[in-house]
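Residue strings, one per chain:
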Amino acid sequence: MMRTFLKTIAVMAALTAFTIGGFWWHLQHSFSAAISWRSKETCSNRVPCTFTLGQIFPGEWDHLIVFDMTASEDEIHAVVGTSVERPELQRLIVFMQGDKVVNLVTEAQGVEHPNRDEVLFEQVAENGKHQTIRREWGFVAGRESDTSPLVLTRILPGQVVI
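## Brief notes about the sheet that holds strand E3 (residues 90-97)
The antiparallel open sheet is built from five strands, whose spatial order is E4-E3-E2-E7-E6. Each of the sheet's edge strands pairs with one partner strand only, and the pair in question is strand E4 (100-108) and strand E6 (126-127). Contacts from helix H2 (residues 31-43) reach strand E2 (63-67), E3 and E4, with the element oriented near 70° to E3. Taken strand by strand, helix H4 (residues 73-80) contacts E2, E3, E4, E6 and strand E7 (130-134), and its axis lies near 170° from that of E2.

Here you go:
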């Protein structure tokens, strides 16, 4: 009886560790999931929720480039300065330090319209099929509804957010 109890506890512990490990892996490998989860943590219930992507993604990088799923390999190479492979129907996020690639993340992108798990950027210029975002730029986060994507609107210099 005690042996069965200990086996049950061991299985429950393993499942818990697997679940937590999967959650942390998802945060490290999903750009949008990390922003959604970490922005709530960073804001600590502040309204409006304002933050920089440097607060969300620590590490050595000074800008990132978000390529949509239709960006060609030639465009990616021209902007990044090196060849980067991107799976079909995935957007590519490239973290850069100067002209050096320091991290790559790919994630699904809505084909006809943005999906709920996708983060969109407003007030960020789109150059071809990509957007360049500086580490120190401030953003305010919001959703129109529970089923709409998270929208990060850039706070422009001198703009007051209320």
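## Topic: the side chain of Asp62
Turning to its location among the elements, Asp62 is positioned in the loop between helix H3 (53-56) and E2. Buried and unpaired, Asp62 has Arg134 as its nearest opposite-charge partner, separated by 4.4 Å. A distance of 2.6 Å separates polar atoms of two side chains, one belonging to Asp62 and the other to His63. A distance of 3.1 Å separates a polar side-chain atom of Asp62 from the backbone nitrogen of Gly98. For Asp62, the residues in contact, after removing those within four places along its chain, are Met96, Gln97, Gly98, Arg134, Arg135 and Glu136.

## Description of the side chain of Thr153
The residue Thr153 is located in strand E9 (residues 150-154) in this model. Its relative accessible area of 19% is what places Thr153 among the buried residues. Filtering out sequence-adjacent residues up to four positions away, Thr153 remains in contact with Glu122, Gln123, Gly138, Phe139 and Val140.

## Focus: the pattern of salt bridges
Applying the stated rule across the entire model yields two salt bridges. Across the pair Arg91 and Glu107 runs a salt bridge, and its minimum N-O distance is 2.9 Å. With Arg91 in strand E3 and Glu107 in strand E4, this residue pair connects regions lying 16 residues apart in the sequence. The pair Arg91 / Glu107 is uniform in exposure class, with both members buried.

## Section: unusual backbone geometry
The phi dihedral of Leu89 falls on the positive side, at around 55°, and the residue is not glycine. Relative to the assigned elements, Leu89 resides in the loop between H4 and E3. Of note, the phi angle at Gln123 is positive, near 65°, even though the residue is not glycine. On the basis of relative accessible area, Gln123 is assigned to the partly exposed category, the value being 44%.

## Quick word on the environment of Arg143
Examined against the element boundaries, Arg143 turns out to sit in the loop between strand E8 (138-142) and E9. Overall, the relative accessible area of 31% leaves Arg143 in the partly exposed class. Sequence separation of Arg143 and Arg116 is 27 residues, and the distance between their C-alpha atoms is 9.4 Å. Setting aside anything within four residues of it in sequence, one finds Arg143 in contact with Ser36, Arg116, Ser148, Pro149 and Leu150. In terms of polar contacts, Arg143 uses its side chain to reach the backbone carbonyl oxygen of Ser148, at 2.7 Å.

Cut-offs used in this document
Residues numbered from 1 in each chain as written. Predicted model: local features only at pLDDT ≥ 70, side-chain atom pairs only at ≥ 80, totals over all residues. Heavy atoms only, no water. Pairing = 2+ DSSP bridges. Helix = DSSP H or I, 4+ residues; strand = E, 2+ residues; numbered from the N terminus. Contact = heavy atoms within 4.5 Å. Axes fitted to C-alpha atoms, helices over the stretch in contact; angles between N-to-C directions. Buried < 20%, exposed > 50% of the residue type's maximum accessible area, 1.4 Å probe, protein only. Lys, Arg positive; Asp, Glu negative; His and termini not counted. Salt bridge = Lys/Arg side-chain N within 4 Å of Asp/Glu carboxyl O. Polar contact = N/O pair within 3.5 Å; in protein donor to acceptor, adjacent residues only side chain to side chain.

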